[in-house]
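# Observations on chain architecture
Chain by chain, the residues:
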Amino acid sequence: MSADQEAGAAPVEHLNIKVTDNNNEVFFKIKRSTPLKKLMDAFCDRQGKQQATVRFLFDGTRVRPDDTPDALEMADGDTLEVHQEQIGG
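The structure reproduced in this document is the subject of the present report. (Residues numbered from 1 in each chain as written. Predicted model: local features only at pLDDT ≥ 70, side-chain atom pairs only at ≥ 80, totals over all residues. Heavy atoms only, no water.)

The next thing to look at is the side chain of Asp67. Structurally, Asp67 can be placed in the loop between β4 (61–62) and β5 (79–84). Polar side-chain contacts of Asp67 include one of 2.8 Å to the backbone nitrogen of Arg64. In this structure, Asp67 is in contact with Thr34, Pro35, Leu36, Arg62 and Leu72, ignoring residues within four places of it in sequence. (Helix = DSSP H or I, 4+ residues; strand = E, 2+ residues; numbered from the N terminus. Polar contact = N/O pair within 3.5 Å; in protein donor to acceptor, adjacent residues only side chain to side chain. Contact = heavy atoms within 4.5 Å.)

Strand β3 (residues 54–58) sits mainly inside the fold: four of its five residues count as buried. Pairing between β3 and β4: two bridges, direction antiparallel. Paired with Phe58 across the strands is Thr61, a residue of β4. Taking the residues between adjacent antiparallel strands as the criterion, β3 and β4 are bridged by two residues, where Asp59 takes a positive phi near 55°. (Buried < 20%, exposed > 50% of the residue type's maximum accessible area, 1.4 Å probe, protein only. Pairing = 2+ DSSP bridges.)

Counted under the stated rule, the structure contains eight salt bridges. A salt bridge links Lys49 to Asp21; the shortest N-O distance between them is 3.1 Å. Here Asp21 lies in the loop between β1 (14–20) and β2 (25–31) and Lys49 lies in the loop between α2 (37–47) and β3, a separation of 28 residues in the sequence. Take Lys49: its relative accessible area is 25%, and that puts it in the partly exposed class. Given the relative accessible area of 8%, Asp21 is considered buried. Connected through shared salt-bridge partners, Arg55, Arg62 and Glu85 make up one network. (Salt bridge = Lys/Arg side-chain N within 4 Å of Asp/Glu carboxyl O.)

Right, let's talk about the packing of aromatic side chains for a bit. Applying the stated criterion across every chain, the model contains one aromatic pair. Arranged with centres 6.1 Å apart and planes meeting at 80°, the rings of Phe43 and Phe56 form a pair that is edge-to-face. Linking Phe43 in helix α2 with Phe56 in strand β3, this pair joins segments that are 13 residues apart in sequence. Residues Phe43 and Phe56 agree in their burial class; the two are buried. (Phe/Tyr/Trp six-rings, centres within 6.5 Å; stacked < 30°, edge-to-face > 60°.)

On to the environment of Ile17. Relative to the elements of secondary structure, Ile17 occurs in strand β1. Here Ile17 falls in the buried class, since its relative accessible area comes to 0%. Taking the C-alpha atoms as reference, Ile17 lies 5.3 Å from Gly77; in sequence the two are 60 residues apart. In this structure Ile17 touches Val26, Phe27, Phe28, Ile30, Leu39, Met74, Ala75, Asp78 and Leu80, once residues within four positions along its chain are discounted.

This is the structure we're talking about:
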């Protein structure tokens, strides 16, 4: 067994996650155990959005602030989508 295979057996500590709202793409490096609230807050700050006005989706499922990449089984290079929250109907 080569050293590469041994190193590949351990989960990567950090993931690179892309967050996109169809106009902007922002890349974040985040630990697997970090609540996604940090990433969501940082994206909203950078884009000048209020978190209450947007929702974050991963594979079509709404992401909660207390979710972690591990809990969602995210992999390096995965994408979170940001959509405008629709109010009313």
